[in-house]
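Residue-level structural notes
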Amino acid sequence: MPSPSPSVVVREEERDLLDEFEAGQLAVELDAATPEEVLEWGLDRYGARLGLCTSFQAEGMVLLDMAWRIDPEVRVFTVDTGRLPAETYEVIEAVRDRYDLQVEIHFPEASQVEGMVGRFGPNLFYRAVPARLMCCHVRKVEPIRRALEGFDAWVTGLRREQWASRSNIRKIEIDHDHGGLAKVSPLADWTIEEVWEYIEEHDVPRHPLYEKGYTSIGCAPCTRPTRAGEDPRAGRWWWETNAPKECGIHCPLETGGFEHEVEAILGGEHAEGSAGTLDLVGRGAGLVGLGSGRAKR
Ligand code: SF4
């Protein structure tokens, strides 16, 4: 069965959304289930209205492999921020070859990127936390928000042991930050050792940067390899000392209306309803002054 175009519009009354009671019940029922069982449940219930979101790190690759074994037509999507390492594209090609999957790739709004980069420079993220969050918002959070409009459920590779902000995630949750669709995290209770065991056992394609000491992989300028004893996410935005290692996609943080601020500063179309940026951004904290600031790096 061919996958529907991501642009297919589904009327609100046709969507299959969980209510709080059902979501709570499922979270309890599936908490001890294997990742494959959780994926089977999701694919059975939602079919092409379920999307597997991956940045091609180890967790996402495990889920992709598992989901593909259950349903070779599973929809897989990602965001190309425009700043990804070259190696990530190699993994996308490997996925296309190995699984014969069409990866749905979403891009940031060109006018937003042009406005941001023109005003604050291409490497604005090194200057201050609000600038980094603006970049993540424009390049990641907003494209994901648009991509999710095409789904009733999405699968993520979140694990509880990854970071403090993820320690309480459930395998099934309602994603209130993205219109109330179901957020499915089959690997919530897995350790990193279990992830790598699966990859070994099933010969799953792996991101080449793991070989170079990376333990978490995002955009090229914002990720470095980690050193022995460091937290696995320490290489993400390593120069920041006062902000969570999150971009705003998964961490439900107070926006304080930041998305409207971005629109005001950068101009261009900017859809409403986006959430997930930090209060740290706090009503434009220093954003305007960044235009002439010097990079800290
Ligand atoms: Fe921008 Fe860095 Fe965030 Fe990528 S990780 S969107 S380059 S700030």
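Since the structure is predicted, the reported quantities are computational estimates derived from the model, not experimental observations. (Residues numbered from 1 in each chain as written. Predicted model: local features only at pLDDT ≥ 70, side-chain atom pairs only at ≥ 80, totals over all residues. Heavy atoms only, no water.)

Focus on the overall build of the protein
For the protein, the count of helices and strands is 8 helices and 6 strands. The buried share of the protein, taken over its 297 residues, is 53%. For the protein, the share of sequence-separated contacts (at least 6 apart) that also reach a separation of at least 24 residues comes to 74%. Of the roughly 13500 Å² that the protein leaves accessible, carbon and sulfur atoms contribute 50%. (Helix = DSSP H or I, 4+ residues; strand = E, 2+ residues; numbered from the N terminus. Buried < 20%, exposed > 50% of the residue type's maximum accessible area, 1.4 Å probe, protein only. Contact = heavy atoms within 4.5 Å. Areas by Shrake-Rupley, 256 points an atom, 1.4 Å probe, with all protein chains shown as cover.)

Focus: the environment of Val 195
Relative to the helices and strands, Val 195 resides in helix α7 (residues 192-202). Taking the C-alpha atoms as reference, Val 195 lies 6.9 Å from Val 62; in sequence the two are 133 residues apart. Those residues in contact with Val 195 that sit more than four places away from it in its chain are Ala 58, Glu 59, Val 62, Arg 159 and Trp 190.

Focus on the sheet that holds strand β3 (residues 103-106)
Strands sit in the order β3-β2-β1-β4-β6-β5 across an open sheet of 6 strands; the sheet is mixed. The open sheet terminates on both sides in strands that have one partner only, identified here as β3 and β5 (172-175). Between one strand and the next, the sheet's axes are offset by a mean angle of 30°, whatever the strand orientation. Sheet analysis places strand β4 (residues 153-155) next to strand β6 (residues 181-184), joined by 3 bridges and oriented parallel. Bridging from a neighbouring strand, Trp 154 pairs with Lys 183 of β6. Sitting on the sheet, helix α6 (residues 129-148) touches β1 (50-53), β2 (75-79), β3, β4 and β6, and the angle it makes with β2 is about 155°. (Pairing = 2+ DSSP bridges. Axes fitted to C-alpha atoms, helices over the stretch in contact; angles between N-to-C directions.)

Structural notes on the packing of aromatic side chains
Applying the stated criterion to the full structure yields 10 aromatic pairs. Here Tyr 126 and Trp 239 contribute two aromatic rings whose centre-to-centre distance is 4.7 Å and whose plane-to-plane angle is 70°, an arrangement assigned as edge-to-face. Here Tyr 126, found in the loop between α5 (110-120) and α6, pairs with Trp 239, found in the loop between α7 and α8 (258-266); they are 113 residues apart in sequence, far enough to count as distant. Of the residues examined, Tyr 126 reaches a relative accessible area of 5% and is grouped as buried. Every member of this aromatic cluster is reached through a ring pair, and the members are Phe 125, Tyr 126, Trp 238 and Trp 239. Just above the ring of Trp 237 sits the side chain of Arg 132; from NZ or CZ to the centre is 3.9 Å. (Phe/Tyr/Trp six-rings, centres within 6.5 Å; stacked < 30°, edge-to-face > 60°. Lys NZ or Arg CZ within 6 Å of the ring centre and 35° of its normal.)

A few points about the pattern of salt bridges
Throughout the structure, instances matching the rule amount to 20 salt bridges. We note a salt bridge from Asp 16 to Arg 45, for which the minimum N-O separation is 2.8 Å. Here Arg 45 lies in helix α2 (residues 35-46) and Asp 16 lies in the segment before α1 (20-29), a separation of 29 residues in the sequence. Classification of Asp 16 by relative accessible area gives partly exposed; the value is 26%. Taking relative accessible area as the criterion, Arg 45 reaches 28% and is therefore assigned partly exposed. Salt-bridge contacts for Arg 160 lead to Asp 31; the nearest nitrogen and oxygen are separated by 3.0 Å. Linking Arg 160 in the loop between β4 and β5 with Asp 31 in the loop between α1 and α2, this pair joins segments that are 129 residues apart in sequence. Take Asp 31: its relative accessible area is 34%, and that puts it in the partly exposed class. Among the charged side chains, a salt-bridge network with shared partners connects Arg 15, Arg 49 and Asp 152. (Salt bridge = Lys/Arg side-chain N within 4 Å of Asp/Glu carboxyl O.)

Quick look at helix α3 (residues 58-70)
For α3, which comprises 13 residues, the first-to-last C-alpha distance of 19 Å matches the rise-based estimate of 18 Å (1.5 Å per residue) to within 8%. Among the 13 residues of α3, 10 are classified as buried, and the element is accordingly described as predominantly covered. When α3 is considered as a whole, its buried residues turn out to be Ala 58, Glu 59, Gly 60, Met 61, Val 62, Leu 63, Leu 64, Asp 65, Met 66 and Ala 67. Considering only its buried residues, α3 is in contact with α2, β1, β2, α4 (86-99), β4 and α7. (Expected span 1.5 Å × (residues − 1).)

A short note on the packing of α5 against α6
Between α5 and α6, the shortest axis-to-axis distance is 9 Å and the interhelical angle comes to 155°. Relative to α6, α5 is oriented roughly antiparallel. The handedness of the crossing between α5 and α6 comes out as left-handed. Each of Gln 112, Val 113, Met 116, Val 117 and Phe 120 in α5 lies in contact with α6, whose residues at this interface are Met 134, Cys 135, Val 138 and Arg 139. The residue makeup of the contact of α5 with α6, split by class, is 7 nonpolar, 1 polar and 1 charged. (Parallel < 35°, antiparallel > 145°, perpendicular 65-115°, else oblique. Left-handed = near helix turned anticlockwise from the far one by under 90°. Nonpolar A, V, L, I, M, F, W, Y, C, P; charged D, E, K, R; others polar.)

A closer look at the site of the ligand
Taken together, Arg 83, Phe 125, Arg 132, Cys 135, Cys 136, Arg 139, Lys 140, Cys 219, Cys 222 and Trp 237 make up all the residues around the ligand. Grouping the amino acids of the shell around the ligand by side-chain chemistry returns 6 nonpolar, no polar and 4 charged. (Near = heavy atom within 4 Å.)

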